[in-house]
Structures are given as structure tokens and as C-alpha cells.
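# Coordinates in review
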Amino acid sequence: MGISWLLLLFSTAHFYIEVDSKEAKLRSVQVLFRHGARAPSEKITDPNYHSSFPRGLGEMTDRGFENSYKLGRYLKKRYVDTGFLDPYMKPKEMFWRSVNKNRCLSTASTVGFAMFDDQIRHIHVPVVTEDIDEKLLNYNIDNCPREVELVRERCPDFDGNYHPWPRYEAFIANCLNYTHPVFAEYPFDTIEAYMNEYKNSIPPPPLIEKHINEIMAIYVNVTQFITGTGNHHDPRMMKVKFGFLMKTLLRNIRKRKEYESSGRKMRIDVQKFTVYSTQDWILMGVLDSLGVLNKTVGLEVYPEYNSMIIIELWEENKKFYVKTFYKKEEITAENHELIDVSNLVRNCEANEPNCTYEKFMRCCDDYKSDRGEGCEVPSQKRKRNIRGLSIDETERKKPLFAGPE
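Here is what the cut-offs are and how they apply
- Residues numbered from 1 in each chain as written.
- Predicted model: local features only at pLDDT ≥ 70, side-chain atom pairs only at ≥ 80, totals over all residues.
- Heavy atoms only, no water.
- UniProt positions renumbered as here; feature names shortened; annotations may be inferred.
- Helix = DSSP H or I, 4+ residues; strand = E, 2+ residues; numbered from the N terminus.
- Buried < 20%, exposed > 50% of the residue type's maximum accessible area, 1.4 Å probe, protein only.
- Areas by Shrake-Rupley, 256 points an atom, 1.4 Å probe, with all protein chains shown as cover.
- Disulfide = S-S within 2.5 Å.
- Pairing = 2+ DSSP bridges.
- Salt bridge = Lys/Arg side-chain N within 4 Å of Asp/Glu carboxyl O.
- Contact = heavy atoms within 4.5 Å.
- pLDDT = per-residue confidence, 0-100.
- Core = buried A, V, L, I, M, F, W, Y, C linked by side-chain atoms within 4.5 Å.
- Domains from an automatic or database assignment.

Per UniProt, the protein chain carries the Sequence similarities (unreviewed entry) text "Belongs to the histidine acid phosphatase family." What UniProt records for the protein chain under Catalytic activity (unreviewed entry) is the sentence "a phosphate monoester + H2O = an alcohol + phosphate".

Next comes the structure, spelled out in C-alpha cells:
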């Protein structure tokens, strides 16, 4: 291998992955991104708009596929072109996990294809999902007594019924006294459709368009209450929604660090590049668990389509540190700059550019839980859920999603 080739590789790596010194080495990466642009979940508000959503309700649009491809090309430049990942796409280097939703599965496969597409080979990454008993990127909302208990603290009239989801959102909005004159003409349970059409460049009715930012802020606040994030920050609810995912993210870092510290002699079941294709409420939960939601997304808007969280583990002179980034835009530009919030993560030092491994690993003790643990009522472990089904019966059912996104 010639010296000139090595210099070219290093200069490319330095351009896409900023390092503090030549001794710093990237050891592992975890990526979480929201799916690409999609159709509304419940209805399309005008028959004339059906041509904009040819795959049906809730499914990815052409725009969603295009921007997911661009996201993959960006990750290619950052991690494949720099030599961190083998360009031949070696599955043993990676783990791709998607929530079992078509739009998320489609996004994962599109991003993966773009990362390893060289116009000659047609390579697709293997993507894993869970059909039953999902507890990492979702959970069975109909078998979660703890969530019912927490909702009833603020909304005592809640009957435990989340379906249909827009009606539950409207119930929460009413409970929290989130009102607006627009809702007299356009009820709250119709807003999701208008919001997603708007995100797909379809102008909403003039009255909604006039108050679009106010309506969006109310809708976001309702979701924040449901998820325990943002303006309704509640670590108890966040453990229900995101606790097992947070524990998994931290465990992945720990296992990779132990592997690197051992001189790569120990067996390891955590690959160096892990991807989670998921939804906006999950990104909100991870960012808020880390303590950086306000500095990245803000408290009045959603994570955009194809927004992304990156968590990198670095080693320098046998010491480890963690870098945390966020990409907030839907469209990924060639010269896109990530928002670096490494020093803003809970427990990290604000005056340091990076977060030491030890400090990062203590970031989120109040927000993590074991698999399925978050849904249990602390005072008792119920044998039956709110609908009278035994736990064994409900666990055999396909989990219902905790939101439309």
C-alpha cells in the first residue's frame, strides 16, 4: 500500500470525521434515524392528494425514499469511504435493527443500499426486526399498567383505551386544556393528517396555515406528555417508553470498550456499527434521556424525517471517550455539518470537547430499565392487564404502536 494512498485516506477521514489527534481511533458507532417522508396514518384530507401518496396510508413517499438514499450516501462518506467499514459490506461488522413498520424497514434498506452502492454490485444490508414481543424500539401499549397509572395522575378520567390513536391524542389535548380556535373547524384528531401533508409540501387549509406554528407546538406538547419528554419531562414515563433502549445503547458501548481494551481477544456479540431505524418519538426520548433535546430539536417541533442521532466511541492513548451528534434536517446535504452535543450530555463536562467514557456511562441511570421492566407498576407485579387478558395471552399478540409516527 503506497504512502500517497495512505495520506489520501487519512485526509478523507479527517474531513468527514473530525479527530483531536492522529492517535484517536474510532472504535464503534451507533446510529438512530427517523424514517423518510410518509403519508398520513389515518386519512388523506382531499382525494386530489392521493397521487402524492401512491403507496397508501402511513407508507413512504418518493420523497422519503430519495432523502433516505441521500442519508445513506452521507453515512457512506463518513464511515465507508474513510475505511471504518469494509466497502464490500461485511455483515459481521454491523447490526441493523428496524421497528416493524413498513416505512422504517424501507428506510433502513434504502439507507443501507446507499451506503454500499457502487453502481455495479447491488448490495443490501440484512435488517432485523421483531414481529411479536418487541420491547426495544416499541412496546405493547395495551399491556402496560404503569403507563395507565401515570396518565391517570394528570387525567383521572382516562379509561385505558388508546384506540384509535388520534382520538387518544385528542383526549390528552383536552385533558391538558390545549385549545385553539382552529380546532372548532378542524378537530384535533384530524391534525395529524394535515401536519403530514404539510411536511410533504401540500399546503394546509388557510386557517391552519395561518396558525401552523401554534398548532404544531400544541401537537408536539401532546406527544411530549404521552412520552414524558420535553415540556412534560417525566423520567418515570420515559423509562416505560425508552428505558430498555437506553440501557441497550449504553451496554453496546460498554461491550465494545471491553473488547477493545482486551486487545480484541475476547468474544463479542456487539458489532462496531449498529443502526436503529425508528420513529420521531423514539428520537425525542433518546435525546431527552441524554439531556440534549432542547439543544438539538427544541421543545416546539418534532424531529424531522430522516433526522439522525450518532453516538461514537473513540480511543486515544488507551483512554476512551464518546462523541454525540445530531442531524436535524430532512434533506442531507453533501457538506452537512452535524450538531456536536458531546459535552452537553448529562454528567459530561461542558468545558470539555468530548465526554469521557466513565462520565457518559453514568449519564442516564434515571432513564434506563431492563427489558419490559418499565411497564410494571412499582407496588405490585400484576398478573393481568387492564383488559383482563393474562400476560401470557397479551405477549402473544402483535404489539400496538405508541403513536402514529
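On we go.
## Some points on the overall build of the protein chain
From N to C terminus, the protein chain includes 14 helices and 8 strands. Each of the 405 residues in the protein chain was classed as buried or not, and the buried ones make up 55%. With an accessible surface of roughly 18600 Å², the protein chain has 50% of that area assigned to carbon and sulfur atoms.

## Structural notes on the state of the cysteines
According to the stated counting rule, one finds 4 disulfides in the structure shown. With its sulfur 2.2 Å from that of its partner, Cys144 forms a disulfide with Cys375. On the sign convention where negative is left-handed, the bridge of Cys144 and Cys375, at about -95° about the S-S bond, is left-handed. Of this pair, Cys144 sits in the loop between β3 (127-128) and α4 (145-154) while Cys375 sits in the loop between α13 (357-360) and α14 (391-395), and the two are 231 residues apart along the sequence. Taking relative accessible area as the criterion, Cys144 reaches 3% and is therefore assigned buried. Between the sulfur atoms of Cys155 and its disulfide mate Cys175 the distance is 2.0 Å.

## So, the pairing of strand β5 (residues 308-316)
Taken residue by residue, a regular strand's side chains alternate between the two faces of the sheet. Counting buried residues along β5, 8 of its 9 residues qualify, which places the element largely inside the surrounding structure. Of the strand pairs in this sheet, strand β1 (residues 25-34) and β5 are connected by 8 bridges, and their pairing is antiparallel. Bridge pairing links Gln30 to Ile311 in β5. Where β5 meets strand β6 (residues 319-327), 9 bridges bridge the pair, whose relative direction is antiparallel. Of the residues in β6, the one forming a bridge with Met308 is Lys327.

## Thoughts on the pattern of salt bridges
Applying the stated criterion across every chain yields a total of 25 salt bridges. When the shortest N-O distance is used, the salt bridge between Asp133 and Arg371 registers 3.4 Å. Here Asp133, found in the loop between β3 and α4, pairs with Arg371, found in the loop between α13 and α14; they are 238 residues apart in sequence, far enough to count as distant. Three or more residues joined by partner-sharing salt bridges are found here, namely Arg27, Arg256, Glu260 and Glu315.

## Let's talk about helix α7 (residues 191-199)
Side chains that are three or four residues apart share a direction in an α-helix, a result of its 3.6 residues per turn. The buried fraction of α7 amounts to 7 of the 9 residues, a majority that puts the element mostly inside the structure. For α7, the complete set of buried residues consists of Ile191, Glu192, Ala193, Tyr194, Met195, Asn196 and Glu197. The inward-facing, buried residues of α7 abut α6 (182-185), α8 (206-210) and α9 (212-227). Looking one or two residues beyond α7, the residue adopting positive phi is Ser201, at roughly 70°.

## Remarks on the confidence of the model for the protein chain
Of all residues in the protein chain, 87% have pLDDT values of 70 or greater, and the mean over the chain is 89. Considering only residues more than four positions removed or in separate chains, one finds that residues 1-16, a stretch of pLDDT under 50, has 12 contacts. Throughout residues 382-396 the model reports pLDDT below 50, and contacts reaching past four residues in sequence, or to other chains, amount to 27 contacts.

## Concerning the environment of Tyr219
Within the secondary structure, Tyr219 sits in helix α9. Judged by its relative accessible area of 2%, Tyr219 falls in the buried class. As for Tyr219 and Glu300, which are separated by 81 residues in sequence, their C-alpha atoms are 8.7 Å apart.

## Section: the nonpolar core
Judged by nonpolar contacts, the single largest core of 75 residues is most densely connected at Ile172, Val286, Leu290 and Phe360. For this core, the element with the most residues is helix α10 (residues 235-261), which contributes 10 residues. A domain-level breakdown of this core finds at least three residues from each of domain 1 (25-136 + 235-361) and domain 2 (141-232).

## Quick word on the environment of Val80
Of note, Val80 is situated in helix α2 (residues 62-80). For Val80, a relative accessible area of 6% puts it in the buried group. As for Val80 and Phe116, which are separated by 36 residues in sequence, their C-alpha atoms are 7.8 Å apart. With near-sequence residues (within four places) excluded, Val80 lies in contact with Leu75, Leu85, Pro87, Met115 and Phe116.

## A word on the pairing of β6
Judged by how many residues are buried, β6 sits mostly within the fold: 8 of 9 residues are covered. Linkage of β5 to β6, two consecutive antiparallel strands, is achieved through a turn of 2 residues, within which Asn317 is found at a positive phi near 55°. Note that β6 and strand β8 (residues 355-356) share 2 bridges and pair antiparallel. Pairing of Val322 across the sheet is with Cys355, part of β8. Two strands pair when backbone bridges link them, and β6 and strand β7 (residues 339-340) are joined in this way by 2 bridges, in the antiparallel orientation. Pairing of Phe325 across the sheet is with Asp340, part of β7.

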